[in-house]
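# Structural features, examined
Listed below are the residues making up each chain.
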Amino acid sequence: MKSKNESRKNKIIKVTSKIIVTDGLAKVSILEIAKKTKISHSNIYIYFKDKEDLLISVFTHHLDLYTSFLDQNISLSGSVDNVLSETVKSIYDFNNSNPTSIKVIQLMRADPHFRKVLPSVNDSQLFIKLFNWIENEKSANNVRDFNSILLADILFNSILSYSNAIQTHDFTYSEVPLSNFISLIRPLFVDSTTLNESRK
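Now for a description of the structure that goes with this document.

Definitions and limits used
- Residues numbered from 1 in each chain as written.
- Predicted model: local features only at pLDDT ≥ 70, side-chain atom pairs only at ≥ 80, totals over all residues.
- Heavy atoms only, no water.
- Salt bridge = Lys/Arg side-chain N within 4 Å of Asp/Glu carboxyl O.
- Helix = DSSP H or I, 4+ residues; strand = E, 2+ residues; numbered from the N terminus.
- Buried < 20%, exposed > 50% of the residue type's maximum accessible area, 1.4 Å probe, protein only.
- Polar contact = N/O pair within 3.5 Å; in protein donor to acceptor, adjacent residues only side chain to side chain.
- Contact = heavy atoms within 4.5 Å.
- Phe/Tyr/Trp six-rings, centres within 6.5 Å; stacked < 30°, edge-to-face > 60°.
- Expected span 1.5 Å × (residues − 1).
- Arc of directions from axis to C-beta.
- Axes fitted to C-alpha atoms, helices over the stretch in contact; angles between N-to-C directions.
- Parallel < 35°, antiparallel > 145°, perpendicular 65-115°, else oblique.
- Left-handed = near helix turned anticlockwise from the far one by under 90°.
- Nonpolar A, V, L, I, M, F, W, Y, C, P; charged D, E, K, R; others polar.
- 1 Å grid on protein atoms, 1.4 Å probe; cavity = no way out; pocket = protein on both sides within 12 Å on 5 of 7 lines; lining within 4 Å.
- Points joined across faces, edges and corners; volume = space filled by probe spheres on them.

### Overview of the pattern of salt bridges
Where charged atoms from two side chains of opposite charge come close, those side chains can pair. Considering all chains together, one arrives at five salt bridges under this definition. D71 is the partner of K129 in a salt bridge, and the nearest nitrogen-oxygen pair spans 3.4 Å. Taken as a pair, K129 in helix 8 (residues 125-139) and D71 in helix 4 (residues 51-73) lie far apart in primary sequence, 58 residues in all. Under the relative-accessibility criterion, K129 is labelled partly exposed at 41%. As a salt-bridge pair, K138 and E135 come within 3.1 Å of each other at their nearest N and O atoms. Here the residue K138 and the residue E135 both occupy positions in helix 8, the gap between them amounting to three residues, near one helical turn. Using a relative accessible area of 36% as the deciding quantity, one classes E135 as partly exposed.

Written out as structure tokens, the structure is:
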């Protein structure tokens, strides 16, 4: 049996990621990956049992990068305002420095088939902690009493829309700084009646 080579595996993941971002999930094929990586069709199967296993591994690779970055940059202590600001800034920074990762996560989670088989938020210790924090803040009436997954999805997608608009020059960062964006989305999470309480 041929031994596995980590750099070769990473090359397969990198090339597959590029195909997903540039051509879409439907264009991913083992033959195309073999051609672009110059790794034989049979050798790719040393690392991944089939195309679906490869795609899930690609998603997991990027999700791990994302959650590791957030875990290092978000502290779930302090006021709701502080946590919201840290979270927004961290997702914004990660999107700017890792656009391929964010795009792969978005595209794969938007696919009806893969959404059912991909790792869920309950598989990530970071998101378990984040959702527990949201539930605690909801119990204390510091965060709106909406579904936690819905709140997280709204936050994630709003930040990406903002970041992508800057990257495509719809507006500049100086025209709409991150602090203004945070002020815009804050009412989605914090009811105005709890404004003063959350700042104590």
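Back to the text.
### Focus: the side chain of S90
Considering the arrangement of structural elements, one finds S90 in helix 5 (residues 80-97). At 2.8 Å, the side chain of S90 forms a polar contact with the backbone oxygen of E86. The residues contacting S90, other than those within four sequence positions of it, are F69, L70, N73 and I74.

### Considering the packing of aromatic side chains
Counted according to the given criterion, the structure contains ten aromatic pairs. Seen in terms of ring centroids, Y66 and F156 are 5.8 Å apart; in terms of plane orientation they differ by 70°. Their pairing is edge-to-face. Remark: F156 occurs in helix 9 (residues 148-167) and Y66 occurs in helix 4; sequence separation between them is 90 residues. An identical accessibility class is assigned to Y66 and F156; each is buried. Here the aromatic residues Y66, F69, F94, F127, F131 and F156 are joined through ring pairs into a cluster of three or more.

### A closer look at helix 10 (residues 178-189)
Given 3.6 residues per turn, any residue in an α-helix points the same way as the ones three and four places further on. For helix 10, which comprises twelve residues, the first-to-last C-alpha distance of 17 Å matches the rise-based estimate of 16 Å (1.5 Å per residue) to within 8%. Restricting attention to buried positions, one finds in helix 10 the residues L178, F181, I182, I185, R186 and F189. The buried residues of helix 10 occupy an angular sector of 145° when the element is viewed end-on, so they sit on one face. Exposed and oriented more than 90 degrees from the buried face of helix 10 are S183 and L184.

### What about the packing of helix 1 (residues 6-23) against helix 6 (residues 99-110)?
For any two helices packed against each other, the geometry comes down to the angle between their axes and how far apart the axes lie. Orientation of helix 1 relative to helix 6, taken along the N-to-C sense of each, is 65°, at an axis distance of 9 Å. Taken together, the axes of helix 1 and helix 6 lie roughly perpendicular to each other. With respect to the hand of their crossing, helix 1 and helix 6 are arranged in left-handed fashion. Along its contact with helix 1, which presents S17, I20 and V21, the element helix 6 presents T100, K103, V104, L107 and M108. For the contact of helix 1 with helix 6, the per-class residue count stands at five nonpolar, two polar and one charged.

### What about helix 9?
Compared with the 28 Å implied by 1.5 Å per residue over 20 residues, the 29 Å span of helix 9 between its first and last C-alpha is a close match. Looking only at helix 9, the buried set comprises S148, L151, L155, F156, I159, L160, Y162, S163, A165 and I166. Contact partners of the buried residues in helix 9: helix 4, helix 5, helix 6, helix 8 and helix 10. Looking at the residues trailing helix 9, positive phi occurs at H169, about 65°.

### Regarding the layout of surface pockets
Within this model, the largest pocket holds a volume of roughly 720 Å³. In terms of lining residues, the largest pocket is bounded by 35 residues, among which V121, F127, A152, D153 and F156 are the most central. Among the elements of the structure, helix 4, helix 5, helix 6, helix 8 and helix 9 are those that each provide at least two residues to the lining of the largest pocket. No other element matches helix 9, which puts seven residues into the lining of the largest pocket. Each residue belonging to the lining of the largest pocket can be placed in one class, and the counts come to 27 nonpolar, five polar and three charged.

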